[in-house]
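# Commentary on secondary and tertiary structure
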Amino acid sequence: MTQLVAVHGVLPDHRYPQSELTDLVAEACRLDDAQRRFLERVHRGAGVQTRHLVLPIEEYRTLRDFGAANDAFLTGAVDLGSRAILGALAEAGLTVDDVDVILAVSSTGLAIPSLDARIAGHIGLRPDVKRTPIVGLGCAAGAVGISRLHDYLRGWPDQVAVLVTVELCSLTAQYDDRSPTNLVASGLFGDGAAAVVAVGPERAAATPGVAGSAATAGSAATAGSAGARASARGPRVIATRSALYPGTFRTMGFDVGAGGLRVVLGTEVPALVAEHLRADVDTFLADHGLTRKDITTWVSHPGGPKVLEAVETGLELPEGALGASWSSLRRIGNVSSASVLHILRDTLVDRPPEPDTPGMLLAMGPGFSAELVLLQW
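Residues numbered from 1 in each chain as written. Predicted model: local features only at pLDDT ≥ 70, side-chain atom pairs only at ≥ 80, totals over all residues. Heavy atoms only, no water.

### Brief notes about the side chain of S186
Going by this rule: Segments assigned H or I by DSSP are reported as helices when at least four residues long, segments assigned E as strands when at least two residues long, and all are numbered from the N terminus. Per-residue accessibility, obtained with a 1.4 Å probe over protein chains only, is compared with the maximum for each type, and a residue is labelled buried under 20%, exposed over 50%, and partly exposed between these values. Contacts are assigned to residue pairs that have any heavy atoms within 4.5 Å of one another.
Looking at where S186 falls in the secondary structure, it is placed in the loop between α6 (180–185) and β7 (191–199). Judged by relative accessible area, S186 falls into the buried class, the value being 17%. Ignoring anything within four residues of it in the chain, the contact list for S186 reads V25, L39, H43 and R51.

Set out below in structure tokens:
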């Protein structure tokens, strides 16, 4: 089984309360009184208290066009992604020379050469490192990345694989868009990165201290714990399952236009979660002789309050089962693909599961789709 030996989250240094970001959006979008009241209502209802931005708040007004925003993305993504990988490798007791493959995930900027190549050069990965960029899977991509690490390491069980996710959602803001969808999204999404180091079973068995070793926080600029370092045993990946729902193509994603990436966020997302997720989870678990009652720990992408409530209701979860997801949404917002990895890290550090018990990691994203990862703690 694939062993996740380190999980490391990184957040930008610029942290702001939700009220200050509400003012920024209202001023930049030149909202009238009615639109301002709507904005304030949806921002209060987003369940977010603070978010981190890759740029100081005053610099967003200077971004002239998509090109300027994407240049900021490239600079910020390489910096945050590099810090996340180096932090995860240090926690795993490995170096850049140990990395055989890197998967780089993002949906909030464009990079050619791809983000993995830029980070590889920045931190000095081996010239023969295998690279796989994953683009366009949005919030689901953190879970998808773990699934693809597992697929790779089943074929190369003696190797070390790294997943890095970087999402700079603030750079996709459209200040000429006063639609309800854009204003709702402006209250949810934040910036951040995360990395996972995983090893195949042969590498785990051959490396003293790797099998069952630390999966740690070390998240720079995490609210209330800046510079903290704590550890807990990392999980093993038992199996994965993907689900793509026909007829839901326009539910979630981005439209690409002259002004950049314009968010698509349908109001039907919670209903789709409530309709499909339980059956998919039950079928997946049954294939492994398990039921939802056997799962001791749930690690779910936060989406927003209505999505989390739909997950809780649809899966009939006990009270507090998604506490780490609610806490992450409150502290850092929805960081797209990086969120589920931050929540995995928070779970390992703050709410260590019982050893040798099954867990479930899940996320939803554009497509509309879901990704399920069965873990053993």
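### Some points on the UniProt feature "domain: Chalcone/stilbene synthase N-terminal" (unreviewed entry) in the chain
What counts, and what does not: UniProt positions are given in the numbering used here, feature names are shortened, and annotations may be inferred rather than shown by experiment.
Mapped onto the present numbering, the UniProt feature "domain: Chalcone/stilbene synthase N-terminal" (unreviewed entry) falls on residues 3–197. Structurally, residues 3–197 comprises 41% helix and 23% strand, and the distance from its first C-alpha atom to its last is 9 Å.

### Side note on the domain arrangement of the chain
Quick reminder of the rule: Throughout, the edges of the domains are those of an automatic or database domain assignment. Note on terms: buried area is the combined drop in 1.4 Å-probe accessible area of two parts once they are placed together, counting the loss on both. The rule for a salt bridge is simple: a side-chain nitrogen of Lys or Arg has to be within 4 Å of a carboxyl oxygen of Asp or Glu. Polar contacts, as counted here, are pairs of nitrogen or oxygen atoms within 3.5 Å of one another; within protein the pair requires one atom able to donate a hydrogen and one able to accept it, and residues that are adjacent in sequence qualify only if both atoms are side-chain atoms. Polar here means any residue other than Ala, Val, Leu, Ile, Met, Phe, Trp, Tyr, Cys and Pro, which are nonpolar, and Asp, Glu, Lys and Arg, which are charged; Gly is therefore polar.
On domain assignment, one finds that the chain holds domain 1 (2–202) and domain 2 (236–376). The centre of domain 1, based on its C-alpha atoms, is set 17 Å off from the matching centre of domain 2. For the pair domain 1 and domain 2, the summed buried surface comes to about 3,700 Å²; carbon and sulfur atoms form 64% of the total. One can count zero salt bridges joining domain 1 with domain 2. Viewed at the interface, domain 2 and domain 1 are joined by eleven residue pairs in polar contact (both at pLDDT 80 or more). Of all elements in the fold, only β1 (2–10), β3 (50–53), α5 (141–155), β6 (160–168), α6 and β7 reach the threshold of two or more residues within the side of domain 1 that touches domain 2. Element by element, the count of residues in the side of domain 1 that touches domain 2 is highest for α5, at eight residues. Counted by class, the side of domain 1 that touches domain 2 contains 23 nonpolar, 23 polar and six charged residues.

### Brief notes about the sheet that holds β1
What counts here: Strands were regarded as paired on the criterion that DSSP finds at least two bridges between them. Lines fitted to C-alpha atoms define the axes, with helix axes restricted to the stretch in contact, and inter-axis angles between N-to-C directions lie between 0 and 180 degrees.
In space, the nine strands of this open sheet follow the order β5-β4-β6-β7-β1-β8-β13-β12-β11, with mixed pairing throughout. Whereas interior strands pair on both sides, the edge strands pair on one side only; in this sheet they are β5 (130–135) and β11 (297–300). Across the sheet, the axes of successive neighbouring strands diverge by a mean angle of 25 degrees, strand direction being ignored. Helix-sheet contacts for helix α8 (residues 269–286) involve β8 (236–244), β11, β12 (358–365) and β13 (369–376), and the interaxial angle to β13 is about 35 degrees.

### As for the pattern of salt bridges
Close approach of charged atoms allows side chains of opposite charge to pair. Using the criterion set out here, one finds 16 salt bridges in the structure. The partner of E40 in a salt bridge is R36, and the shortest N-O contact between them spans 2.8 Å. Taken together, the positions of E40 and R36, both in helix α2 (residues 33–44) and four residues apart, correspond to about one turn of that helix. With a shortest N-O distance of 3.4 Å, D98 and R203 are connected by a salt bridge. Pair noted here: D98 is in the loop between α3 (66–92) and β4 (101–106) and R203 is in helix α7 (residues 201–206), with a separation of 105 residues, a long-range link. Here the salt bridges share partners, and the residues they tie into one network are R278, D282, R292 and E316.

### So, the layout of surface pockets
Stated formally: Note on definitions: the grid is 1 Å and covers protein atoms alone; a cavity is a set of points where a 1.4 Å probe fits but cannot get out; a pocket is an open set with protein on both sides within 12 Å along at least five of seven lines; lining residues have an atom within 4 Å of a point. Grid points are joined across faces, edges and corners, and a volume is the space filled by probe spheres set on the points.
Approximately 820 Å³ is the volume attributed to the largest pocket. In terms of lining residues, the largest pocket is bounded by 40 residues, among which T108, T172, G253, F254 and V263 are the most central. For the lining of the largest pocket, the elements supplying multiple residues, two or more each, are α1 (18–28), β3, α6, β9 (252–257) and β10 (260–265). Of the residues assigned to the lining of the largest pocket, the class counts are 23 nonpolar, 13 polar and four charged. Of the domains in this structure, domain 1 (2–202) and domain 2 (236–376) are the two that each give at least three residues to the lining of the largest pocket. In this model, the second largest pocket occupies a volume close to 590 Å³. Listed by contribution, the elements that provide at least two residues to the lining of the second largest pocket are α2, α6, α8 and α9 (305–314). Residue classes in the lining of the second largest pocket are distributed as 15 nonpolar, eight polar and two charged. Here the lining of the second largest pocket gathers at least three residues from each of two domains, domain 1 (2–202) and domain 2 (236–376).

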